[in-house]
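The primary structure of each chain is shown beneath.
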Amino acid sequence: MIGETLTFNDRTMARDVIVFDFSLIRGLWETRVKKYRERRKKETQRLEQSSLQKIKQEWSFMLECRRKGIPQSVYLNNGFVDTGLRLLEKLEERSHLIKKFDSLEDLRKGKDTFIFEIYGEHWKEFPEALKEQTHWKELHINNTQIQTIPAYIEMFQALLVLELSQNLITCLPPEIGCLLNLKELNVSFNKLVNIPPELGNCENLEKMDLSGNLELMELPFELSSLKKVTFVDISANKFPTIPICILRMSNLQWLDLSSNNLTDLPEDIDRLDELKTLLLQKNKLRYLPRSLTNMPKLAMLVVSGDNLVEMPSLLMETPSLKFVSMRDGPVNIDVDSKHKEDIESSRDLEQFEKEFMKAYIEDLAERESVPCYTTKISLSLQL
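Residues numbered from 1 in each chain as written. Predicted model: local features only at pLDDT ≥ 70, side-chain atom pairs only at ≥ 80, totals over all residues. Heavy atoms only, no water.

### Let's talk about the pairing of strand 13 (residues 300–304)
Within strand 13, five of the five residues are buried, leaving the element largely enclosed by the surrounding structure. Across three bridges, the pairing between strand 12 (residues 277–279) and strand 13 is parallel. Opposite L278, over in strand 13, you have L301 as the bridge partner. Looking at chain direction, strand 13 and strand 14 (residues 322–326) are connected through five bridges and run parallel. Its bridge partner lying in strand 14, L301 is registered against F323. (Buried < 20%, exposed > 50% of the residue type's maximum accessible area, 1.4 Å probe, protein only. Helix = DSSP H or I, 4+ residues; strand = E, 2+ residues; numbered from the N terminus. Pairing = 2+ DSSP bridges.)

The following block contains the structure:
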């Protein structure tokens, strides 16, 4: 029994005292606690072995390094986060942690991975040993002093993503057309002045970002064969009109032509019948063609209204279209004085405005309704 009743009689009163036996309850509780601890142990082991835990650990480590003011060159080893040493040990041994990635043996340490990353201004060229590691599926090379892409890039037949943003690349080699499995190409914010026609051979390409090169004026007609492309960004260049090859990308859904020299749009722009987002702000457009109203899936249209003197009234009456006309062409940015030096160059300023506009457009896309006119866009940084 769990409880028993004992009766005590004395001269004045009789008292009933309840006495409980907790042995059965304690045994049941201890069994449950044991099972709970076993489940926690298994869950901890599972998390320790999962890639999610590793990503979380690396992210927390990077945040701590940034908080301590430690530069990336200290806690990054060839583009990968090195969490092998504790933070204090890194501070003490700082001078010994900056390594050069110049041997094949260093590359082999990452042989079980498929993503290769390097960044930092100390990089002047592709590592020579990279050409013997052609199994990579993604190459991410950012914010370096690299100016040329070696011809052996054609050997990376498994490559799906080629991300080369914020470098000093002046041209793409024709060998890039040999990357038949390539799905994403990002060469934004470099110094490109032309695009090789061989890129049209990459028929599996889905995303192409050529923004921020400042001097691009045309694209080769051969890119018309890129029928799987859904995303094209050629903003912050000098295109006087929409390249013909883009009008032939039948699956295009996102087109960013902002910050160019567009004076008009082609009347047959409605052949892009899959287009959902069209960004035209910061151009020299004086009118918008009526054919824009014939694009059934167009859901977001952004223009700069300073020079516009004519636009179809149906654009503003279409309930499914979020039409935004910015009265002031350039984005007004209020930046803390400490960070003005970081965006002094035109390339940095374009990148800064582009990142803000991307966030602004994403916010508009989530709203049920948006204003037809945006009179001012401002951004204050307090870092």
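### As for unusual backbone geometry
Excluding glycine, residues mostly carry a negative phi; peptide bonds, for their part, are mostly trans. Notably, L214 is not glycine yet its phi reads approximately 70 degrees, a positive angle. Take L214: it is sitting in the loop between strand 9 (207–209) and strand 10 (231–233). If you check the backbone angles, K282 has positive phi at about 60 degrees while not being a glycine. Here K282 shows up in the loop between strand 12 and strand 13.

### With respect to the pattern of salt bridges
Across all of its chains, the model carries four salt bridges by this definition. Close ionic contact of R271 with D268 constitutes a salt bridge, the shortest N to O distance being 3.6 Å. The exposure class of D268 is partly exposed, given its relative accessible area of 34%. The residue K297 makes a salt bridge to E274 at a minimum N-O spacing of 2.8 Å. Remark: E274 occurs in the loop between strand 11 (254–256) and strand 12 and K297 occurs in the loop between strand 12 and strand 13; sequence separation between them is 23 residues. Classification of E274 as partly exposed rests on a relative accessible area of 24%. (Salt bridge = Lys/Arg side-chain N within 4 Å of Asp/Glu carboxyl O.)

### As for the packing of aromatic side chains
The relation between two aromatic rings is expressed through the spacing of the ring centres and the mutual angle of the planes. Under the definition given, this model contains three aromatic pairs. Seen in terms of ring centroids, F116 and W136 are 5.4 Å apart; in terms of plane orientation they differ by 50 degrees. Their pairing is tilted. Taken together, the residues span a long stretch of sequence, with F116 in strand 5 (residues 115–119) and W136 in the loop between strand 5 and strand 6 (138–142) at a distance of 20 residues. Using a relative accessible area of 0% as the deciding quantity, one classes F116 as buried. The exposure class of W136 is buried, given its relative accessible area of 1%. Judged by centre distance (5.7 Å) and plane angle (20 degrees), the rings of F231 and W254 are stacked. Of the two residues, F231 is situated in strand 10 and W254 in strand 11; the sequence distance between them amounts to 23 residues. For W254, a relative accessible area of 23% gives the class partly exposed. Sitting over the ring of F114, K137 keeps its end group 5.3 Å from the ring centre. (Phe/Tyr/Trp six-rings, centres within 6.5 Å; stacked < 30°, edge-to-face > 60°. Lys NZ or Arg CZ within 6 Å of the ring centre and 35° of its normal.)

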